[in-house]
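# A look at the structure
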Amino acid sequence: MSDFFQLVVAGLSQGAIYALIAMGFAAIFSVSEIINLAQGEFAAMAGLIALSATGAGLPLPVAMLIALLSVGLVAVVMQRVTIAPVKRMTTLTSIILTLGVSTALKALMLLIYGPDARGLPALPGSNFVVAGVSIRAQDLWILGITLVVAGAVIFFYDRTVLGKALRACAEQPVAARLVGISPRRATTIAFLIAGLLGAIGGLLASPISLTQWDSGLTLGLKGFVAATLGGLVSIRAAVLGGLVLGVLEALVAGYIDSGYRDAVAFVVLIVVLVARPGGVFSRQAQARV
Amino acid sequence: MKKPSDVVGVILLLAVLLLGPLLVPVSVSGAAVYAVIYAIAAIGLSLLMGLAGQVSLGHAAFFAVGAYTQAILVTRYEINGGIAAVVAVGLAMLVGLLVGIPLLRLRGHYLALATLGLGIIVTVIAIETPFLGATSGIFGIPKPDFGGRVYDSPDEYLWLLTPVIVLGIILARNLVDSRIGRALGAVNDSEVAAETLGVDTYRLRLKVFVLSAGYAGLAGVFFAHWLAVVNPNSANFALSVEFLLIAVLGGLGTVWGAVVGGFAVEFLDEGLRDVVPLIVPGATGEVQLIGFGVILTLVMIFLPGGLHQAFRGLVGLDGRRRSRQGKKTTTLTSQGSPESDDEGPLLAREGRPAPGSTLLSVTGLTKRYGGVVAVDDVDFDVMAGEIVALIGPNGAGKTTCFNMISGVTAPSSGSVMLSGERIDGRKPHVFARHRATRTFQNLQVFGSATVLGNVMVGRHLRSRVGLLRSMLGLAARAEERAIASSSRGVIGLLGLTEDADRPAADLPFGRQRLMEVARALATEPDLLLLDEPMAGLSGAERRDLATLLRRLRAGGMAIILVEHDVEAVLALADRVAVLDDGVMIALGRPEEIRTDPAVLAAYLGVEDDDPEAVAAVHELATGTGPEDAGGER
């Protein structure tokens, strides 16, 4: 039984990372109906920037802050330079466009940081054992920070004027413009939020799962699957989706074969889309076709 | 192939592939082999994006399925290469089918992300399965030999590939120009309109997806033989991006673009692998991705039509110029009228239900949006050979009723029976298959087609050449001619002959409306739903349309009409149903409706900002309708 709980703890910690990426997908999709395929790259990039900053002798918190701000900037620039100029943004266009950006970012990281996988030092704290289950300090940091961030994001969308206006942009562009927020500016803000969320995920994950130039591919895909569990628009459901996916993966890896870990997300995606295309954890039962 | 440009293209390609190897160094031929193999995969992807409007981010997965299957069959079981290739392509298509069945029902981004996942899965399975050679893969695949030749040098292999890609191009071009290609083009312009004309969007998209998987599988087969080794890298992300880049750079949906893109990207790939390490010392691995990513992004922003668009711009085939000329000629000659003025029955059909028998039966039809009831428990029947009008103030639920009857939206409760079969909640193409169709209040024009092209989509259900026969060109030509001539007939009925070859998007509003009616009539419906057909028409056009509708009625067609022009409605309809706030408050002959107190109250109750309703109240109250519809028949 302690095996089981051990796997669940590891799964929750990994799932929290997926949750952070998934919130980024939802933040952008709910405002602009764009699936940002570069979402995973935000995470990988944050890890690599922080790694080179610590490598240059900067203390870890400063390195993390630099990474966070840099990735936020990259996300905003990405929106301004590649998304904003496109007049007719269809699903097809947005997918190919963000895939192009994601591929370019991946290659840029390969050229700058090389092909090796490296990990940031873990956040402070000592590991301990509860009832036969060993818990790493980093796991607690990951879960704690994810819950705080998720709470903040939910508060932002539900309680602040700017957050409500962003949501309104997707449903009522004209009304949103009337209260002083243009869809374009809303999309910029959404990208900033998504960039920061991805960066936090990448920084937290790096000590455990290491970072390399193409880490963003699987992280992005799994974040998307987690977001799909919530119908791509709900922040709460995205968080829940991330945690569930993380635990499922850990159980499959532990009880079946660790090689099949990466297959779980795809199977979950297909099952969810067949059974509940509107999302498992969301009340909206039908996909908007 | 129907177009001279295709013939020129094939001759050029044959010249390059057959004579080129004799003229260029072996290293260039070697790169050309990859260019041709990747172009074969990209043709399928281009069809998927251009025709089905969907994108696969893991097309290398199908490529790998084809390559692995071929490798295993040839090396382990010593099966003849040709037979193995058929199995390999079939298996790639089967995987495509299994992935496509659940995903193509949904919006485009799900297929994109799921195929991205599929690429990862195939890589994982290849690495984890000893039977598939795990990380080292399968090697020792022999070079093909038959007809007394061994195709083992780049030049020989290019000659082997030549008939394959030429055939691949011809099949794909035939498909684009066929009935299926036309239907899918219409779907990309307006899915709902294509569906109501009988196009089963999901099935067609699924077929194109499976076909595109087949092209990728075929490319994989030739890849396996050429490289002699297949390993998990053949499913990797970089290769999927390369396929996508080829298709996007060439121009989505353009078969020739994929071929040109194949060569452009392969030489770009080779060049980047050489150049990037010179600029960035020590760069290793998939460095070519930097160029792929940047070019993909730039093309989408500045040249969404790809090289094909650039080429058309250069040689002056620009669509805008052509349409401007079209406009000029028609301003001189337009204002057509129906070609024949007689009043006889039109478009009667053998086997149509006899006039007076019930065709459509609506019971308890209800639609709720959250707490709002848009349509509340509406019942009515429509007989063959009658015109029923549906009137009511703005927001009364008329269009919602149409949407539920035609399958555009599912009712919250209630049933719709058409020709004795329940169709509520089914898709619009099911409605169309039961010989019923509709037009739209907010026009749904297929903007990338001409008027004739629009109306020809209406013949979709009255023609039968499917995907396979379209690709082979069998019997397709004769049928295309028949479709075009019957479509021109219907266009004539609506007085649009002058406009037949103009781009539909260039027509004025009113004539686009008439074109939608023509498109609907082309399906030879027994039941026709018209949503505000008179809006935007001139007085003469309105009279002509009314005459046409009477003649259709005389031919036995049933027509339901939503219309704001109450005067026209009372003159035309046999029976009138009045909706107010989602409730049907009256149903009867026009002279009964004219004096119905509930109807008068409903129209008087509306706010003054609806001038049409105010005018309608005036007409109803004073009885100034020009003629009494009751005495018409």
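Data block above holds the structure.
Our subject in this report is the structure included herewith.

Rules of the game
- What you see as residue numbers is a count from 1 along each chain, following the sequence as written.
- Chain A is the first chain written and ligand 1 is the first ligand written, with later ones labelled in order.
- Two thresholds apply to this predicted model, a pLDDT of at least 70 for residue-level local features and 80 or more for giving and counting side-chain atom pairs, whereas whole-chain, interface and lining totals are computed over all residues.
- For helices the rule is a DSSP run of H or I covering at least 4 residues; for strands it is a run of E covering at least 2, with both sets numbered from the N terminus onward.
- With C-beta atoms placed from the backbone, a residue counts as buried when 20 or more other C-beta atoms lie within 10 Å of its own, as exposed when 12 or fewer do, and as partly exposed for counts between those limits.
- Contact between two residues is assigned whenever their backbone-derived C-beta positions fall within 7 Å.
- For the radius of gyration, the atom set is restricted to C-alpha positions; the globular benchmark scales as 2.2 Å times the number of residues to the power 0.38.
- When DSSP finds at least two bridges between two strands, those strands are taken to pair.
- As a working rule, the residues Ala, Val, Leu, Ile, Met, Phe, Trp, Tyr, Cys and Pro are called nonpolar, Asp, Glu, Lys and Arg charged, and the rest polar, with Gly in that last group.
- What counts as an axis is a line fitted to C-alpha atoms, over the stretch in contact for a helix, and the angles between N-to-C directions run from 0 to 180 degrees.
- Helix crossings are classified by the rotation of the near helix relative to the far one: an anticlockwise turn of less than a right angle makes the crossing left-handed, while a clockwise turn makes it right-handed.

### A few points about the overall build of chain B
The helix and strand tally for chain B stands at 25 helices and 14 strands. Based on the C-alpha atoms only, the size of chain B along its principal axes is roughly 90 × 55 × 50 Å. Considering chain B as a whole, with its 633 residues, one finds that 52% of them fall into the buried category. For chain B, the share of sequence-separated contacts (at least 6 apart) that also reach a separation of at least 24 residues comes to 75%.

### A few points about the overall build of chain A
Within chain A, the regular secondary structure consists of 11 helices and two strands. Order of helices (α) and strands (β) in chain A, N terminus to C terminus: α-α-α-α-β-β-α-α-α-α-α-α-α. Its C-alpha radius of gyration of 19 Å places chain A within 12% of the 19 Å reference for a compact globule of 289 residues. Here the C-alpha coordinates of chain A stretch approximately 55 × 45 × 35 Å along the principal axes. For chain A, restricting intrachain contacts to residue pairs at least 6 apart in sequence, the fraction spanning at least 24 positions comes to 75%.

### A look at the sheet that holds strand β8 (residues 413-418) of chain B
One open sheet holds the four strands; their spatial order is β6-β5-β8-β9 (chain B), and the pairing between them is antiparallel. Of all strands in the sheet, those with a lone pairing partner are β6 (372-383) and β9 (421-422) of chain B, marking the two edges.

### What about the interface of chain B and chain A?
The interface is formed by 42 residues belonging to chain B together with 38 residues belonging to chain A. Listing elements by their share of the side of chain B that touches chain A, those giving two or more residues are α4 (81-103), α5 (108-128), α10 (237-250) and α12 (289-302) of chain B. Here the side of chain B that touches chain A is composed, by residue class, of 31 nonpolar, eight polar and three charged.

### Quick notes on unusual backbone geometry
All names here are of chain B. Even without glycine at this site, alanine 228 takes up a positive phi of about 70°. Although it is not a glycine, glutamate 524 adopts a positive phi angle of roughly 55°. Among the secondary structure elements, glutamate 524 is positioned in the loop between α20 (509-521) and β11 (527-531). Under the C-beta neighbour-count criterion, glutamate 524 is labelled partly exposed, with 18 such atoms within 10 Å.

### Some thoughts on the pairing of β11(B)
Residue and element names in this part refer to chain B. The element β11 is extensively covered by neighbouring structure, given that five of its five residues are classed as buried. The two faces of β11 match: Leu527, Leu529 and Asp531 on one face and Leu528 and Leu530 on the other face are all buried. Bridge analysis of strand β10 (residues 436-438) against β11 gives three bridges, and the strand direction is parallel. Paired with alanine 436 across the two strands is leucine 527, which belongs to β11.

### Thoughts on the packing of α10(B) against α12(B)
Residue and element names in this part refer to chain B. Their axes nearest at 10 Å, the elements α10 and α12 cross at an angle of 35°. As for how α10 packs across α12, the hand of that crossing is left-handed. Along the contact surface, α10 presents Ala238, Val241, Glu242, Leu245, Val248 and Leu249, while α12 presents Leu289, Phe292, Ile295, Leu296 and Val299.

### Some points on the environment of B:Ile559
Residues and elements named next belong to chain B. Mapping isoleucine 559 onto the fold places it in strand β12 (residues 558-562). Classification of isoleucine 559 by C-beta neighbours within 10 Å gives buried; the count is 23. The spatial distance from the C-alpha of isoleucine 559 to the C-alpha of leucine 529 is 5.9 Å, given a sequence separation of 30 residues. In this structure isoleucine 559 touches Ile387, Leu528, Leu530, Leu549, Leu552 and Arg553, once residues within four positions along its chain are discounted.

### Things to note about the sheet that holds β12(B)
Residue and element names in this part refer to chain B. Pairing is mixed across the open sheet formed by six strands, whose spatial order is β10-β11-β12-β7-β13-β14. Either end of the sheet is taken by a strand with one partner, and the two such strands are β10 and β14 (583-588). With strand direction ignored, the average angle separating the axes of adjacent strands in the sheet is 15°. Here helix α15 (residues 398-406) sits on the sheet and contacts β7 (387-391), β10, β11, β12 and β13 (575-580); the angle it forms with β11, its principal contact strand, is near 150°.

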